[in-house]
Structure formats: structure tokens, C-alpha cells
Amino acid sequence: MTVMEIIRLVVGTVFLIAGLVVFTIEVYGIFHMNYILNRMHSAAMGDTMGLFLVMTGLCFYSGLNFTTLKIILTIVLFWIASPVASHMTALLELYTNERLSKHLTYEGDLETLEKRLEKEEKEEKN
């Protein structure tokens, strides 16, 4: 093995291990949190960062070829799709949870939410 191959192997391994650590922290956060939006935030952030680290490690393992280009494209597409999907799921929870005030930290949040929901309902009726 040449020195460059050893460096590539070490850097790829470091990225893979860092990704696995992020995934482990994510799983702990999912099972530790009580409220669904907190769990979803933990999952979304962990998936985004963990996938980036693992796929970057795989890019180093693969070297500079067409497979690396496909891995980079996968990273880009995931970084676009994952936050959008998480945001839409959070909005669904926000609009459909009738017991939302139980999970808010202070009443100002609930009043602002109720005003916004009433305003949107009036706009939909018109």
C-alpha cells in the first residue's frame, strides 16, 4: 500500500466512525425525548449529519471515480429532501394536534399559534 492509500483509508475510517457516533446519539435522542416534534428534530438532524459523514467516508474509500460522483449526488439530494420532509411532517403535527398547549413552554406561543391558525382559516374560507 502506498502512503496515499493509507491516508485515504484512515480519513475514510474516521468519517465512518464519526457518522456512526452521530447515528448512535440520534437513536438515543429519539428514545429519550418525550414529545414527537423533539424526536423528529433529533432524527432529522442526526440523519442529515450522520449520512453526510458516512457517505463522505465512502467517497474516500472509493477514490476519485464515477461511484464517488453518484455518492455525492446522493448526499445533495438527501440534503434537499430530508429537511423538507421533516418540515412538512412537523407542520402536520402542528395543525392536527389538539393538545399542543400541553407541550408548549409558555402561553404566548399558544396565543400566537391560535391567531395564526384563525387567520389562515379565514383566508381559506374567502
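This write-up is about the structure you can find in this document. Along every chain, residues carry numbers that run from 1 in the direction the sequence is written. Owing to the predicted nature of the model, reporting of local features is limited to residues with pLDDT of at least 70; listing and counting of side-chain atom pairs is limited to 80 or more, with chain, interface and lining totals taken over all residues. Note that water and hydrogens are dropped before the side-chain values are worked out from all heavy atoms of the structure.

**Considerations on the nonpolar core**
To keep things clear, this is the line we draw: Among the buried residues, those of types Ala, Val, Leu, Ile, Met, Phe, Trp, Tyr and Cys that are joined through side-chain atoms within 4.5 Å form a nonpolar core. Exposure classes here rest on a 1.4 Å probe applied to the protein chains alone. A residue is buried below 20% of its type maximum, exposed above 50%, and partly exposed in between. Strands here are runs of E lasting at least two residues and helices are runs of H or I lasting at least four, both read from the DSSP assignment and numbered beginning at the N terminus.
Counting 5 residues, the largest nonpolar core consists of Leu51, Met55, Cys59, Ile71 and Ile75. Put simply, the parts of the chain that give this core at least two residues each are α2 (36-62) and α3 (66-96). With 3 residues, α2 is the largest single contributor of residues to this core.

**Some thoughts on the packing of α2 against α3**
Any two packed helices are characterised by how steeply their axes cross, that is the angle between the axes, and by the distance between the axes. Filter applied, for reference: Axis geometry follows a simple rule: fit a line to the C-alpha atoms, using only the stretch in contact for helices, then measure angles between N-to-C directions, giving values from 0 to 180 degrees. An angle below 35 degrees is treated as roughly parallel, one above 145 as roughly antiparallel, one from 65 to 115 as roughly perpendicular, and anything else as oblique. Residues are grouped as follows: Ala, Val, Leu, Ile, Met, Phe, Trp, Tyr, Cys and Pro are nonpolar; Asp, Glu, Lys and Arg are charged; every other residue, Gly included, is polar.
Relative to each other, α2 and α3 sit at 180°, their axes nearing to 10 Å. Classified by the angle their axes make, α2 and α3 are roughly antiparallel. Residue composition of the contact of α2 with α3, grouped by class: 15 nonpolar, 9 polar and 2 charged.

**Focus on a nonpolar patch on the surface**
The condition is simple: Surface patches are drawn from residues lacking salt bridges whose relative accessible area is over 30%; two like charges belong together within 9 Å, two nonpolar side chains (Val, Leu, Ile, Met, Phe, Trp, Tyr) within 5 Å. Only the protein chains shown count as covering a residue, and every accessible area follows the Shrake-Rupley method with a 1.4 Å probe. Here a salt bridge means any side-chain nitrogen of Lys or Arg lying within 4 Å of a carboxyl oxygen belonging to Asp or Glu.
Together, Met1, Ile6, Leu9, Val10, Val14, Leu58 and Tyr61 give the surface a local cluster of nonpolar side chains, amounting to about 640 Å² of exposed area. Counting residues per element, the ones that place at least two in the nonpolar patch are α1 (3-32) and α2. Ranked by residues supplied to the nonpolar patch, first place goes to α1 with 4 residues. By relative accessible area, which is 72% here, Met1 ends up exposed.

**Focus on α2**
So the rule is basically this: One less than the number of residues in a helix, times 1.5 Å, gives the span that helix is expected to have.
When the terminal C-alpha atoms of α2 are compared, their 38 Å separation across 27 residues agrees well with the 39 Å that a helix rising 1.5 Å per residue should span. Positioned one or two residues after α2, Gly63 has a phi angle of 90°, which is positive.

**Brief notes about the packing of aromatic side chains**
Selection criterion: Stacked, edge-to-face and tilted labels apply to pairs of Phe, Tyr and Trp rings (six-membered ring for Trp) whose centres lie within 6.5 Å, assigned for plane angles under 30 degrees, over 60, and everything in between, in that order.
Scanning all chains against the criterion turns up 2 aromatic pairs. On the basis of an interplanar angle of 15° and a centroid distance of 5.5 Å, the ring pair of Phe15 and Phe60 is categorised as stacked. Of the two residues, Phe15 is situated in helix α1 and Phe60 in helix α2; the sequence distance between them amounts to 45 residues. Note on Phe15: relative accessible area 23%, which makes it partly exposed. Geometrically, the ring pair formed by Phe52 and Trp79 is tilted, given 5.3 Å between the ring centres and 50° between the ring planes. Here Phe52, found in helix α2, pairs with Trp79, found in helix α3; they are 27 residues apart in sequence, far enough to count as distant. With relative accessibility at 27%, the residue Phe52 sits in the partly exposed group.

**Looking at a negative patch on the surface**
Condition: By the counting scheme adopted, Arg and Lys are positive, Glu and Asp are negative, and His together with the chain ends is not counted. A charge is said to be at NZ when it belongs to Lys, at CZ for Arg, at CG for Asp and at CD for Glu.
A contiguous patch of negative charge, built from Glu114, Glu118, Glu121, Glu123 and Glu124, is present on the exposed surface. Here Glu114 lies in helix α4 (residues 107-125).

All we've got here are geometric facts, nothing functional implied.
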